[in-house]
Amino acid sequence: MTHDTDPTPHADAAPGAGTHQHQPEGQQPHDAPAAEAGETSTTAAEPADRIAELEAEVAAMREKWMRAEAEMQNLRNRTKREIEDARQYATQKFARDVVEAAENLKRALASLPARTEGEEGIVKSMREGIESTERSFLGILERNGIVAVDPQGKPFDANLHQAMAEQHSDEHAAGTVMQAWTPAWTLHGRLLKPAMVVVSKGHA
């Protein structure tokens, strides 16, 4: 008894049926490239974040440095002013005592008799001697920054003048210094001693 045998596979057989490939459970073939792309994106983001962080730190340090430099410059300027003030005004107490001597010379002149045509020789010599001494003394004071400011006829200034009295006057407007007992003294522009003055109240 003979059986017919066909060497060709059946036409209805599914292609690849004899070579079935097994994939690991839960994994698709395209998963690996996707995972690699995600890792590359994360790796690229890390340097950018680090650069931004470093730039922020540099900006903060620059701001702190500029603030410290400004504070140091202010300190240098303040120290320079304090040293200059100490140099210029260290003699302030001594200067006040010196101007007392200058005012005494003025009082000595005022105490002499009024100048006349035929005044005695001794009185004339005394006046000339005191006037010469006063001029020389005032020159020395001015060379050392001590200046006398005559307030006569000027508006009253509370920063420079001390009102000792007020009087009515037909010749001086109200608020004008009509008489100065002493001048205002300054040391390098700073008030050393105020002028003692009489202030006009205007017309009676």
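For clarity, every value in this text was computed on a predicted model and none was experimentally measured.

To continue, consider the side chain of S200. Along the chain, S200 turns up in strand β6 (residues 195–200). Polar contacts involving the side chain of S200 include one to the main-chain amide nitrogen of G202, which spans 3.0 Å. In this structure S200 touches Q167, S169, H172, A173, A174, G175, T176 and M178, once residues within four positions along its chain are discounted.

Turning to the environment of E103, a few remarks are in order. Within the fold, E103 resides in helix α2 (residues 92–111). Once the C-alpha coordinates of E103 and E134 are considered, the two residues, 31 residues apart in sequence, prove to be 9.2 Å apart. What E103 contacts, discounting residues up to four positions off in sequence, is T182, P183, W185 and K193.

Turning to the pairing of strand β5 (residues 190–193), a few remarks are in order. For strand β4 (residues 184–187) and β5, the ladder comprises three bridges, and the chain directions are antiparallel. Note on β5: the bridge partner recorded for L187 is R190. Here β4 folds back onto β5 in antiparallel fashion, the turn holding two residues, of which H188 has a positive phi close to 50°.

Another point: the sheet that holds strand β1 (residues 146–149). The strand order across the open sheet formed by three strands is β1-β4-β5, and the pairing between neighbours is antiparallel. The strands lining the two open edges of the sheet, one partner per strand, are β1 and β5. Going from strand to strand, the sheet's axes swing by 40° on average, the running direction of each strand aside. Examined bridge by bridge, β1 and β4 share four bridges and lie antiparallel to one another.

Core analysis: the largest hydrophobic core is formed by 10 residues, namely Y89, A95, V98, V99, A102, L141, I146, W185, L187 and L192. Broken down by secondary-structure element, the contributors of at least two residues to this core are α2 and β4. The element that contributes the greatest number of residues to this core is α2, accounting for four residues. The residues touching Y89, leaving out its near neighbours within four places in the chain, are L187, H188 and R190.

One non-glycine residue with positive phi stands out, namely H188, at about 50°. Among the structural elements, H188 can be located in the loop between β4 and β5.

Mean pLDDT over the protein chain stands at 80; residues scoring 70 or higher make up 78%. Of all secondary-structure elements in the protein chain, the lowest mean pLDDT belongs to helix α1 (residues 31–89), at 77, while β6 reaches the highest, 95.

What follows covers the environment of H188. Since its relative accessible area comes to 36%, H188 is described here as partly exposed. Sequence separation of H188 and I146 is 42 residues, and the distance between their C-alpha atoms is 6.6 Å. Setting aside residues up to four positions removed in sequence, H188 forms contacts with Q88, Y89, N144 and G145.

Reading across the sheet, the three strands line up as β2-β6-β3 and stay open at both edges, with mixed pairing between neighbours. Both edges of this open sheet fall to β2 (161–167) and β3 (177–180), since each of them pairs with a single strand only. Taking the axes of each pair of neighbouring strands and ignoring which way they run, one obtains an average angle of 35° across the sheet. Inspection of the sheet shows β3 paired to β6 by three bridges, in the antiparallel sense. Directly across from Q179, in β6, lies its bridge partner V198.

Reading the values: the criteria
- Residues numbered from 1 in each chain as written.
- Predicted model: local features only at pLDDT ≥ 70, side-chain atom pairs only at ≥ 80, totals over all residues.
- Heavy atoms only, no water.
- Helix = DSSP H or I, 4+ residues; strand = E, 2+ residues; numbered from the N terminus.
- Polar contact = N/O pair within 3.5 Å; in protein donor to acceptor, adjacent residues only side chain to side chain.
- Contact = heavy atoms within 4.5 Å.
- Pairing = 2+ DSSP bridges.
- Axes fitted to C-alpha atoms, helices over the stretch in contact; angles between N-to-C directions.
- Core = buried A, V, L, I, M, F, W, Y, C linked by side-chain atoms within 4.5 Å.
- Buried < 20%, exposed > 50% of the residue type's maximum accessible area, 1.4 Å probe, protein only.
- pLDDT = per-residue confidence, 0-100.

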